[in-house]
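Summary of the model geometry
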Amino acid sequence: MTERSDITSAELADRVPDIVIITGMSGSGRTQAMHVFEDMGYFCIDNLPPSLILQLAQLIGINTGVGRHLCVTSDLRSQGLFDELLDTIQTLNEHEMTCKVLFLEASDEVLIRRYSENRRRHPLAQRGDTTADAIQRERVALASIRDRADMVIDTSRMRTATLRKRLRSAFSELADQQLMDVHVFSFGFKHGMPVEADLMIDVRFLPNPFYDPEMRTLTGLDAKVADFVIEHPKTQEFLDAWFKLLDAVMPGYVAEGKPQLSIAIGCTGGQHRSVAIAEATARHLERQQYHVNISHRDLAKANIRS
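Structure report, in brief. (Residues numbered from 1 in each chain as written. Predicted model: local features only at pLDDT ≥ 70, side-chain atom pairs only at ≥ 80, totals over all residues. Heavy atoms only, no water.)

This part covers the packing of aromatic side chains. Applying the stated criterion to the full structure yields seven aromatic pairs. Between Phe185 and Phe187, the aromatic rings sit 6.5 Å apart at their centres with planes inclined by 50°, giving tilted as the arrangement. Taking the relative accessible area as the measure of exposure, Phe187 reaches 0% and is therefore buried. An angle of 10° between the planes, with centres 6.2 Å apart, marks the rings of Phe238 and Trp242 as stacked. Taken together, the positions of Phe238 and Trp242, both in helix H9 (residues 233–255) and four residues apart, correspond to about one turn of that helix. Assessed through its relative accessible area of 11%, Phe238 is described here as buried. Aromatic rings pair up to connect Phe37, Tyr42 and Phe171 into one cluster. Across from the ring centre of Phe189, 3.8 Å away, lies the NZ or CZ of Arg204, which sits over that ring. (Phe/Tyr/Trp six-rings, centres within 6.5 Å; stacked < 30°, edge-to-face > 60°. Buried < 20%, exposed > 50% of the residue type's maximum accessible area, 1.4 Å probe, protein only. Helix = DSSP H or I, 4+ residues; strand = E, 2+ residues; numbered from the N terminus. Lys NZ or Arg CZ within 6 Å of the ring centre and 35° of its normal.)

In C-alpha cells form, the structure reads like this:
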C-alpha cells in the first residue's frame, strides 16, 4: 500500500469510496472497525439489510457532492437478506456510487477464545452445536463474500490500534493528524484546575500584563497584550521549547489512534498570558495540519472594567 505521505489530498479523496460495507466472521472485530469509521466522520449503521443500503445512501446524500461517506455492517444476522449483498453492490455501481467491501476474519482458535472470554453464544449456533461448529458453518456461508471483498484483514493477533491505523490509511481522505480533534483552551488557576486536560502547562512564570494599568482591562485576544506576552524574550525561549515538546509528543498520540486531545494552558486569572499562549499554540498546531478548536474557559470572568 502506498505510504500516506506520498499521496496528495486529491488522490486520497478519489481513493476513498462513497460506501464501505463491513462484513466477516462474528467476533472478528466488526464493532471496533465501525467505531473507527465513526471517528473518521462516516455515517454508520450496524447490521443494515443489504436491500436498504441504496435507499439509505440516497437519503443521506451520498454522491451528491456533499462529501459524506456511509459505512454499514452486514452479516449473517440478516439471515436470507444477506444473500442480496452481491446484487446490492452491483446496484450501487449502477447508481455511480463507489463501494468497497471490508472483510474481517480471525482464526478458529482466536474466535473460540473470544466467545469464551465474553461468555457469548455464537449467533449461528444451533441446539447441540459447539462454537467450533457454528464458526465452520459461518465460514462456508461467507466464502463468496470473502472472495468478493476489496480488503481482507485477519485480526487474530492484531491490536485495536493497528486495526485503526490500517483502516484510516485505506479509507480516510484526511491525513492522520487531521483525524484527531485537538482542543486547546486557556484557563485561570484561581477558578479551578481543569479535569479534562490531557496536557496542561502553567505559564504563570511569564511577565504579567495585569500589572500594567493600560493592559489590566484588556485580554490576551487584544493585540497589545498578545504582543507584550509573545514578544518577551522569556516567552520566546519558552515557546521554542513548548513547540518542540508538542512536535515530539503529538505524532505519538496520532500513532496510538487517540481521537481527541485536550491541551490546557493556565495562568492566574485566565485573562492575559494563558489566552495569548493558547492562541499561539493553536496556530502552531494548525500549521502542522492538526484539526484544532480553541476556547478560553474563564475569559467571561475577566477583569475588563476600567
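Once you've had a look at it, read on.
Turning next to the sheet that holds strand S8 (residues 260–267). Read across the sheet, four strands follow the order S7-S8-S6-S9 without closing on themselves; strand pairing throughout is parallel. Among the strands making up the open sheet, the edge pair consists of strand S7 (199–202) and strand S9 (291–296). Direction aside, neighbouring strands of the sheet carry axes that sit 15° apart on average. When strand S6 (residues 181–188) meets S9, the two strands line up parallel, connected through six bridges. By the bridge assignment, Phe185 is partnered in S9 with Ser295. (Pairing = 2+ DSSP bridges. Axes fitted to C-alpha atoms, helices over the stretch in contact; angles between N-to-C directions.)

Here we come to the sheet that holds strand S4 (residues 99–105). Spatially, the five strands line up as an open sheet ordered S2-S3-S1-S4-S5, and their pairing is parallel. Edge strands, defined here as strands with exactly one partner in the open sheet, are strand S2 (43–45) and strand S5 (151–154). Direction aside, the axes of adjacent strands within the sheet are offset by 20° on average. Relative to S4, strand S1 (residues 19–24) is paired through six bridges, and the arrangement is parallel. By the bridge assignment, Ile22 is partnered in S4 with Leu102. Lying over the sheet, helix H6 (residues 131–148) contacts S1, S4 and S5, oriented at roughly 140° with respect to S4. Helix-sheet contacts for helix H7 (residues 160–171) involve S1, S4 and S5, and the interaxial angle to S5 is about 170°. (Contact = heavy atoms within 4.5 Å.)

Moving on: the pairing of S8. Taking burial as the measure, the eight residues of S8 include seven buried ones, the bulk of the element. As paired strands, S6 and S8 are joined by eight bridges and run parallel to one another. Bridge pairing in S8 places Ser186 opposite Ile265. Bridge analysis of S7 against S8 gives four bridges, and the strand direction is parallel. Its bridge partner lying in S8, Ile201 is registered against Ile265.

Turning next to the pattern of salt bridges. Counted according to the given criterion, the structure contains eleven salt bridges. The closest approach of N and O atoms between Glu105 and Arg146, which form a salt bridge, is 2.9 Å. Of this pair, Glu105 sits in strand S4 while Arg146 sits in helix H6, and the two are 41 residues apart along the sequence. Put simply, Arg137 and Asp129 hold a salt bridge, and the shortest N to O gap is 2.7 Å. Salt bridges sharing partners connect three or more residues here, namely Arg297, Asp298 and Lys301. (Salt bridge = Lys/Arg side-chain N within 4 Å of Asp/Glu carboxyl O.)

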